[in-house]
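# Reading the structure
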Amino acid sequence: MIRIISVDALDKKRFRVALDGMEGLVLYGGELSRFGIREGALLAEEAYEELLDTVIKPRARERLLRALQVSDKTEQELRLLLAREGYPREAAEDAIAMAYRYHYIDDEAYALRYVEQVGKKKSRRQLSAQMQRKGFPREIIERLLEEHPLDEKAQIQALLEKKGLRPGEKADDRQYARLMAMLARRGYSWQQISEAMEEWTDTDNVYP
């Protein structure tokens, strides 16, 4: 038997149920009544398994699919989403397995699309860090960035022009320092920045 520690309202319809020695659940009022869930009561193991199989797991699958309809997600992002919304580990594993079974999750294909779309305006260091935060496996990130190198010099020079520095125009000391700091914050190395800026402000490379 599983002791129900507490039942707390999250809003007008949903309740967070704390279980002794187990992960909690988020249920609707009708489900509390159906399974006899109330603070201090005991829940049979069979009833808990039925609750998982008939209510929680199907709901976790539906939530995962709704999230994927909005935008691509990594496996890690989906796991965090389900955990944040109160789904127990068994339900999350079931939903993730379903998504892999039907190829709704493909971290490598998503990572490639992400590099192609976002990599045009991000330094390698910035893009790698951003992809790690999204949960892409490190080995996939490193391989894709080797196979699809970014044109960081062109990115730097585009940023210089955006900041008002025209080709062939020399920056004064204050402007130069400000531009260097801005580019460094975006993940470009000092060597990359110096070389790109030197080429950008070299009048011999400017054509009419």
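For the structure given in this document, a descriptive report is provided here. Predicted model, so just to flag it, every value in this text is computed and none were measured.

Parameters at a glance
- Numbering of residues begins from 1 in every chain and follows the order in which that chain's sequence is written.
- In view of the model being predicted, local features appear only for residues whose pLDDT reaches at least 70, and side-chain atom pairs are presented and counted only at 80 or more, with totals across whole chains, interfaces and linings using the full set of residues.
- Side-chain figures throughout are based on the complete set of non-hydrogen atoms in the structure, without hydrogens or water.
- Only DSSP runs of H or I reaching four residues or more are called helices, and only runs of E reaching two or more are called strands; each is numbered from the N terminus.
- Working definition: with a 1.4 Å probe on protein chains only, accessible area under 20% of the residue-type maximum means buried, over 50% means exposed, and in between means partly exposed.
- Whether two residues are in contact is decided by their heavy atoms: any pair within 4.5 Å suffices.
- In this analysis, strands are considered paired if DSSP registers two or more bridges between them.
- Any pair of nitrogen or oxygen atoms within 3.5 Å is treated as a polar contact; in protein, a donor-acceptor pairing is required on top of that, and neighbouring residues in sequence qualify only through side-chain atoms on both sides.

When you line up the elements, K134 lands in helix α6 (residues 124-134). Relative accessible area serves as the criterion here: at 17%, K134 is assigned to the buried category. In contact with K134, not counting residues within four places along its chain, are T74, Q76, E77, Y110 and Y114.

It is worth spelling out the pairing of strand β3 (residues 25-28) at this point. Across 4 bridges, strand β2 (residues 14-19) lies against β3 in antiparallel orientation. Within the sheet, the bridge partner assigned to R14 lies in β3 and is Y28. The antiparallel pairing of β2 with β3 creates a hairpin that spans 5 residues between the two strands, and G21 there sits at a positive phi of about 75°.

Our focus in this paragraph is helix α8 (residues 152-162). For α8, the full list of buried residues reads E152, Q155, I156, Q157, L159 and L160. The inward-facing, buried residues of α8 contact α6, α9 (173-185) and α10 (190-200). G164 sits one or two positions beyond α8 and adopts a positive phi of about 95°.

Moving on: the side chain of S123. For S123, the position within the fold is in the loop between α5 (107-118) and α6. The exposure class of S123 is buried, given its relative accessible area of 0%. Reaching out from S123, the side chain makes a polar contact with the backbone nitrogen of Q126 at a distance of 3.0 Å. Apart from residues no more than four positions distant in its own chain, S123 is found in contact with L150, E152, Q155, R186, G187 and Y188.

Note that all results are geometric; they support no functional claim without further evidence.
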